[in-house]
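Observations on the model geometry
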Amino acid sequence: MKLYSTNHQVPEVNLKEAVFKGLPDDNGLYMPENIPTLPASFFENIDTLSFQDIAFEVCKALIGDEVPEKEIRSIVDDVLTFDAPVVKVENNIYVLELFHGPTLAFKDFGARFMARLMSYFLQKEKKDIMILVATSGDTGSAVAQGFLDKAGIKVTILYPSKKVSDLQEKQLTTLGKNITALEVLGTFDDCQRMVKQAFLDKEITSKINLSSANSINISRLIPQSFYYFYAYAQAKKLGKKVVFSVPSGNFGNICAGLIAKKMGLPIDMFVASTNANDIMPKYINTGVFEAKPSVATISNAMDVGNPSNYPRVIELYGKDINALRKDVVGKAYTDEETAAAVKSVYKATGYVMDPHGAVGYLGLKEYFEESGKDATGIFLATAHPAKFIEVVNDIIEKDVEIPAQLKELINKKQESIVIENDFEKLKSFLLTAL
Ligand SMILES: *Cc1c(COP(=O)(O)O)cnc(C)c1O
């Protein structure tokens, strides 16, 4: 897999280099130079294959030139130890449940795959690395879980103080061992900016082998494409066109879906659904990309004012917004609309959506209404409702059932280091944490 930078100022690299560097030196993002198309026979038989078999074929097509088949098989089997079922919610509306992993959010897919792939590459070399990651809630815990106890890897997580849910904070701060949580007195965008700056800081990078783990790392995107294929396989018997609605923040998840489409997956349309942080829907509708400070919402993992995967999304369409518009529509919703959707779907069907999934549901409904399409609509449930229990219990006026993974956390001791919203503070922490 050869990868280029979206800023085109540095040479191409292979997968291994892209995975460990995270970000190219010209501050662009790594993109595969060539996205292979899978053969028609694969799509004809896809509904007879398991999730692991589908992922193996997709993964082999993408990285098979660099990772041996046997290793791909073992990585995929280690990562996909839980299901991603497509469940009916109402007529023509289905949900792809991506929350059955250890941290109950879709980020488990990317984080587990990345940790497993890095371990494979590191086996051959004797070197230590540090994973540095900013999280708006779910990335950090998925990464921490994915890398916990992995030899030769330390993890430092930056999260915005008081802007993640109590349970998310528990998930970030209770692991210990090779995981350190930094509580930043600022927003997610501040955390993300500090992380980006660390990767560009010569003093830090000359002393520490830094690797990123948020959605800018290409190894996070690869496994996220697997479940679009698997969802399609599950929906194929319904015999209709398939529309995906993706609740979006940094636009990594939808970018993986667009890559799946490029690989030949017959997806009719994508709905990029956001909360009040509506940078991408605005861009798609007006052609103007305008980053803004993020605003806090009840779907806090999508509170992103400067979506980092924007260059990748437009790159997939040769920077042609009209080409992009043929595949993607953008929709944005307020907290009131989101809460009302959680409530009405629960009342009508008994299905409990988390606020992020609910944004995806709303996008799908609106798209069907305005297009009049008769298709199979699938929205991605990116997190389990129990991760946002305060909000969800309040809306449905009932207690959401807490899965075992979360129950265990409640009495664990939290440990974090508070730091100011200042890059120099991060730098001195990193240089002394060696
Ligand atoms: C991270 C996250 C999102 C946004 O995904 P992107 O890839 O950043 O667009 C949506 N929902 C949940 C629950 C998340 O954790």
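Worth saying up front: this structure is predicted, and the values here are computed from it rather than measured. (Residues numbered from 1 in each chain as written. Predicted model: local features only at pLDDT ≥ 70, side-chain atom pairs only at ≥ 80, totals over all residues. Heavy atoms only, no water.)

A few words now on the sheet that holds strand β3 (residues 30-32). The 3 strands lie next to each other as β2-β1-β3, forming an open sheet whose pairing is antiparallel. The open sheet has two edge strands with one neighbour each: β2 (13-14) and β3. For strand β1 (residues 2-5) and β3, the ladder comprises 3 bridges, and the chain directions are antiparallel. Note that in β3 the partner of L3 across the bridge is P32. (Pairing = 2+ DSSP bridges. Helix = DSSP H or I, 4+ residues; strand = E, 2+ residues; numbered from the N terminus.)

All right, on to the site of the ligand then. Close to the ligand lie 15 residues, the nearest being K107, D138, G249, N250 and T382. Here an oxygen atom of the ligand sits 2.8 Å away from a polar atom, N or O, in the main chain of N250. Separating an oxygen atom of the ligand from a backbone N or O atom of F251 is a distance of 2.8 Å. Contact with the protein chains covers 98% of the free accessible surface of the ligand, which is 380 Å². Here the shell around the ligand is built from residues that sort into 6 nonpolar, 7 polar and 2 charged. (Near = heavy atom within 4 Å. Polar contact = N/O pair within 3.5 Å; in protein donor to acceptor, adjacent residues only side chain to side chain. Areas by Shrake-Rupley, 256 points an atom, 1.4 Å probe, with all protein chains shown as cover. Nonpolar A, V, L, I, M, F, W, Y, C, P; charged D, E, K, R; others polar.)

Relative to the helices and strands, I254 is located in helix α11 (residues 252-262). Under the relative-accessibility criterion, I254 is labelled buried at 1%. Here the alpha-carbon distance between I254 and I378, two residues 124 residues apart in the chain, equals 13 Å. With residues up to four places along the chain from it excluded, the contact list for I254 reads Y228, V246, S248, F270, V271, A272 and V328. (Buried < 20%, exposed > 50% of the residue type's maximum accessible area, 1.4 Å probe, protein only. Contact = heavy atoms within 4.5 Å.)

All right, on to the packing of helix α8 (residues 188-200) against helix α19 (residues 423-432) then. At their nearest, the axes of α8 and α19 sit 10 Å apart, and the two run at 55° to each other. It follows from the interaxial angle that α8 and α19 lie oblique. Once α8 is placed against α19, the crossing between them reads as right-handed. Only F423, L426 and L430 of α19 make contact with α8, whose side of the interface consists of M194, V195, Q197 and A198. Tallied by class, residues from the contact of α8 with α19 come to 6 nonpolar, 1 polar and no charged. (Axes fitted to C-alpha atoms, helices over the stretch in contact; angles between N-to-C directions. Parallel < 35°, antiparallel > 145°, perpendicular 65-115°, else oblique. Left-handed = near helix turned anticlockwise from the far one by under 90°.)

Here we take up the packing of aromatic side chains. Evaluation of the coordinates by the stated rule reveals 19 aromatic pairs. Summarising the aromatic geometry, the rings of Y367 and F368 are spaced 6.3 Å apart at their centres and angled 40° between planes, so their arrangement reads as tilted. When its relative accessible area of 5% is taken as the criterion, Y367 is described as buried. A relative accessible area of 12% means that F368 is categorised as buried. Joined through ring pairs, the aromatic side chains of F51, F82, F109, Y227, Y228, Y230, F244 and F270 make up one cluster. Directly above the aromatic system of F56 lies the positively charged group of R73, at a separation of 4.4 Å from the ring centroid. The ring of F20 carries the charged tip of K127 above its face, separated from the ring centre by 5.5 Å. (Phe/Tyr/Trp six-rings, centres within 6.5 Å; stacked < 30°, edge-to-face > 60°. Lys NZ or Arg CZ within 6 Å of the ring centre and 35° of its normal.)

On to the UniProt feature "modified residue: N6-(pyridoxal phosphate)lysine" (unreviewed entry) in the protein. If you check UniProt for "modified residue: N6-(pyridoxal phosphate)lysine" (unreviewed entry), the listed places come out as K107 in our numbering. Residue placement: K107 occurs in helix α5 (residues 107-123). Non-local contacts of K107, meaning those with residues more than four positions away in its chain, are made with D138, T139, A142 and R220. (UniProt positions renumbered as here; feature names shortened; annotations may be inferred.)

Attention now moves to the sheet that holds strand β6 (residues 129-134). Spatial strand order, β9-β6-β7-β8-β14: 5 strands in an open sheet with parallel pairing. One side of each edge strand has no neighbouring strand; the edge strands of this open sheet are β9 (210-212) and β14 (417-420). Going across the sheet, the axis of each strand differs from the next one's by a mean of 30°, ignoring polarity. Across 6 bridges, the pairing between strand β7 (residues 153-160) and strand β8 (residues 179-185) is parallel. Bridging across to β8, T156 finds its partner in T180.

Turning to α8, a few remarks are in order. Since the α-helix packs 3.6 residues into each turn, any two residues three or four apart lie on the same face. Taking 1.5 Å per residue as the helical rise, α8 with its 13 residues ought to reach 18 Å, and the 19 Å between its terminal C-alpha atoms agrees with that figure. Within α8, burial applies to F188, D189, D190, C191, Q192, M194, V195, A198 and F199. Its side-chain oxygen 3.3 Å from the backbone nitrogen of D189, T187 forms the N-cap of α8. (Expected span 1.5 Å × (residues − 1).)

Attention shifts here to the pairing of strand β4 (residues 86-90). Direction of pairing for β4 relative to strand β5 (residues 93-97): antiparallel, over a ladder of 4 bridges. Across the sheet, the residue bridging to V87 is V95, located in β5. Where β4 hands over to β5, the hairpin turn is made up of 2 residues, of which N92 adopts a positive phi near 65°.

The buried count for strand β12 (residues 328-332) comes to 4 of 5 residues, which makes it a mostly enclosed element. Where strand β11 (residues 269-274) lies against β12, 5 bridges are found, and the strand directions are parallel. Bridge assignment links S273 to a residue of β12, and that residue is K331.

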